[in-house]
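These are the residues of each chain, in order.
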Amino acid sequence: MSSSSRRNSSNRLKIVLSLVALNSFFLYLYFTSQPDLHKHHHNPDRQTLPHDRKNHHLHLHISKPWPILPSYLPWSENPNVRPRSCEAYFGNGFTTRLDLLNSKFSLSSNGGINGGARGWFRCFYSETLQSSICEGGGIRMDPEKIRMSKGGEVLETVIGRSEGEELPVYEFGAFEVEVDGDGGKRLVDREFLDRYVPEGGVTRHPMHGLVGSIRLVGSSEFECSQWIEEPTLLVTRFEYANVFHTVTDWYSAYVSSRVTGLPNRPHVVFVDGHCTTQLEETWKALFSSVTYAKNFSEPICLRHAILSPLGYETALFKGLSVDINCQGASAHDLWQTPDDHKTSRLSEFGEMMGAAFGFPVDRHQFAKPVSSHNVLFVRRENYLAHPRHHGKIQSRLSNEQEVFDSIKDWVSNHLECKINLVNGLFGHMPLKEQVLAILDASVIIGAHGAGLTHMVSATPKTVILEIISSRFRRPHFQLIAQWKGLEYHAINLPGSFAKPEEVIDRLSSIMRNLGC
């Protein structure tokens, strides 16, 4: 081999080794920014109660690990988060820490805990959202002291049941925390509740009532035959059968899990008496398990409980009445150049939705030439939603079938590229299929309605076309598109009737911009 060839081979080898080293470096950066997916490192700042040898320890299910998400950014506590910034609204703006009860533990040399089993409780308050995420350990829940229906029933068996029967009313001592001494007092007073767990406009605010019911009890009185060992989210839902409001509940539960630094996905206990709905499929996919508080026939104790705020207290809902000037951006860009007016948190959550159902969330991260486009038409259908529902939906597009059929005819004659028109009958599709339809869509069309909320799972290049009747000019989906950085178009109708040719004209323009 000539000296020139040897030099070329040597140079190529150096380039390859350099690329391998560079790739390893970036992989290291990526994985160190993600939560540990394989083991739970002890966090000396989080107090973990020792096991009581006399009690029975319940393991609800194996805790699911967090998936690796392309848009994930660290959720670590940052006191420098500016109030009313995008991170304060959508991420960890819970910067005021309130330690209400500290257990008196000392760590042993092997990482265990010395001392008696004493409870602990603290809250993280967001000035921006005027809401708190609270957590604690050594907590006893007595279902008999929570007045509400059992929950989890088949819908058809509870037709006519009032909403008031399904929402919790707490007696004093419904929740208890173990302390030194005699106990008997409340954990917090009314001043604390009004300041850090405000009711706002919500009648019978569940977290306000739950925290207000917590009784401090001495060790001699704190008895529990069953313990839940894994971190557990306590969730109360209001509009549990509505997709938009349920997405706000999912988002609140996700944020609560991240803010409290859970190493794995928590288990969920519904502290409400609602019947089952189709939407529980996603609760079960997102989290490790789901059960109802009234499913426990006797008091249960929790090693680590997290109180998730109402969906009404998320930016997704508050943005309907408060100007949240945020624009969706990529996590990569924000990692390199933080910007108070941009967020990738909704994209992160949308990826979590896809990953929860087992879909590869990075498949659309890089633009690829496509030979066809899916146009998803999200339909509104009659269905029985809850015990007080008559099974009929309110029409938002009076000639929806005509519009769909016209688009179908246009697609069949469109020769520039292949277009697949997807009939989005979400009312009769499993949630997993709904999420997949959103992920595969190049364009999402639909009349203003809760089903469009699924766009939180849409990929970055998806285009939204909303058809809005004069009676429903509300910003829900324009805002979600903005906060995700999606291209958004609206057709505002003078009534509820849409001219099919106008819809096709707008769709045709969108498809041309997609190169079709």
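Residues numbered from 1 in each chain as written. Predicted model: local features only at pLDDT ≥ 70, side-chain atom pairs only at ≥ 80, totals over all residues. Heavy atoms only, no water.

Going by an unreviewed UniProt entry, the protein carries the name Glycosyltransferase 61 and comes from Dillenia turbinata. What UniProt records for the protein under Subcellular location (unreviewed entry) is the sentence "Golgi apparatus membrane". (UniProt positions renumbered as here; feature names shortened; annotations may be inferred.)

A.B. asks: Give me a negative patch on the surface: which residues, what numbers.
C.D. replies: Taken together, the side chains of Glu402, Asp405, Asp409, Glu501, Glu502 and Asp505 make up a negatively charged region of the molecular surface. Those elements that place two or more of their residues in the negative patch are α11 (400-412) and α14 (500-513). For Glu402, the position within the fold is in helix α11. Judged by relative accessible area, which is 40%, Glu402 ranks as partly exposed. (Patch = residues over 30% accessible without salt bridge, like charges linked within 9 Å, V, L, I, M, F, W, Y side chains within 5 Å. Areas by Shrake-Rupley, 256 points an atom, 1.4 Å probe, with all protein chains shown as cover. Salt bridge = Lys/Arg side-chain N within 4 Å of Asp/Glu carboxyl O. Lys, Arg positive; Asp, Glu negative; His and termini not counted. Charge placed at Lys NZ, Arg CZ, Asp CG, Glu CD. Helix = DSSP H or I, 4+ residues; strand = E, 2+ residues; numbered from the N terminus. Buried < 20%, exposed > 50% of the residue type's maximum accessible area, 1.4 Å probe, protein only.)

A.B. asks: So, the sheet that holds strand β22 (residues 418-424): which residues are in play, and what are the values?
C.D. replies: Here we have five strands laid out as an open sheet, ordered β22-β21-β23-β24-β25, and parallel in their pairing. For this open sheet the edge positions go to β22 and β25 (487-492), each flanked by a neighbour on one side alone. Strand after strand, the sheet turns through a mean of 15° between neighbouring axes, direction not considered. (Pairing = 2+ DSSP bridges. Axes fitted to C-alpha atoms, helices over the stretch in contact; angles between N-to-C directions.)

A.B. asks: How would you sum up the confidence of the model for the protein? Please name residues and give values.
C.D. replies: For any part of a model where pLDDT is low, the fine detail of the predicted coordinates should not be relied upon. Of the residues in the protein, 81% have a pLDDT of 70 or more, and the chain-wide mean is 86. Note on residues 1-9: pLDDT under 50 across the span, and two contacts to partners over four residues away in sequence or across chains. For residues 19-54, every residue scores under 50 in pLDDT, and the model assigns this stretch 54 contacts once sequence neighbours within four places are set aside. (pLDDT = per-residue confidence, 0-100. Contact = heavy atoms within 4.5 Å.)

A.B. asks: Give a description of the sheet that holds strand β6 (residues 131-137) that names residues and reports values.
C.D. replies: Ordered in space as β2-β5-β6-β18-β14-β15-β16, the seven strands form an open sheet in which the pairing is mixed. Unpaired on one side and paired on the other, β2 (96-101) and β16 (289-292) mark the two borders of the sheet. Strand after strand, the sheet turns through a mean of 20° between neighbouring axes, direction not considered. Its contacts with the sheet put helix α5 (residues 206-213) on β5 (120-126), β6, β14 (232-235) and β18 (305-307), and the angle it makes with β18 is roughly 135°.

A.B. asks: Go over the state of the cysteines with me, naming the residues and quoting the values.
C.D. replies: Between two cysteines, a covalent bond joining their sulfur atoms is known as a disulfide. Using the criterion set out here, one finds four disulfides in the structure. The residue that forms a disulfide with Cys224 is Cys301, at a sulfur-sulfur distance of 2.0 Å. Classification of the bridge connecting Cys224 and Cys301 rests on its S-S torsion, roughly 110°, and on that basis the disulfide is right-handed. Here Cys224 is found in the loop between β12 (214-218) and β13 (226-228), whereas its partner Cys301 is found in strand β17 (residues 300-302), with 77 residues between them in sequence. Take Cys224 and Cys301: they sit in the same class, and that class is buried. Residue Cys417 pairs covalently with Cys516 via a disulfide, S to S 1.4 Å. On the S-S bond that ties Cys417 to Cys516, the torsion sits near -65°, and the link is left-handed. Highlighted residues: Cys417 in the loop between α11 and β22 and Cys516 in the segment after α14, separated in sequence by 99 residues. You'll find Cys417 and Cys516 in the same group, each marked buried. Here the disulfide map of the protein reads 1-6, 2-3, 4-5, 7-8, the bonded cysteines being numbered as they appear in the sequence. (Disulfide = S-S within 2.5 Å.)

A.B. asks: Mind laying out the pairing of strand β24 (residues 463-468), listing which residues take part and the relevant values?
C.D. replies: Along any regular strand, the residues point their side chains to alternate faces of the sheet. The element β24 is extensively covered by neighbouring structure, given that six of its six residues are classed as buried. Burial of the side chains of β24 extends over both faces: Val463, Leu465 and Ile467 are buried on one face and Ile464, Glu466 and Ile468 on the other. Examined bridge by bridge, strand β23 (residues 443-447) and β24 share five bridges and lie parallel to one another. What sits directly across from Gly446, in β24, is Glu466. Two strands pair when backbone bridges link them, and β24 and β25 are joined in this way by six bridges, in the parallel orientation. Considered in β25, the bridge of Ile468 is made with Asn492. For the handedness criterion, the β-α-β arrangement of β24, helix α13 (residues 476-484) and β25 is classed as right-handed. (Right-handed = clockwise from strand over helix to strand, strands pointing away.)

A.B. asks: Outline the packing of aromatic side chains, listing residues and values.
C.D. replies: On inspection of all chains with the given rule, the structure shows 16 aromatic pairs. For Arg237, the ring lying beneath its charged end belongs to Phe270, and the centroid distance is 3.6 Å. In this structure, Arg258 is placed above the aromatic ring of Trp66, and the distance from its NZ or CZ to the ring centre is 4.0 Å. (Phe/Tyr/Trp six-rings, centres within 6.5 Å; stacked < 30°, edge-to-face > 60°. Lys NZ or Arg CZ within 6 Å of the ring centre and 35° of its normal.)

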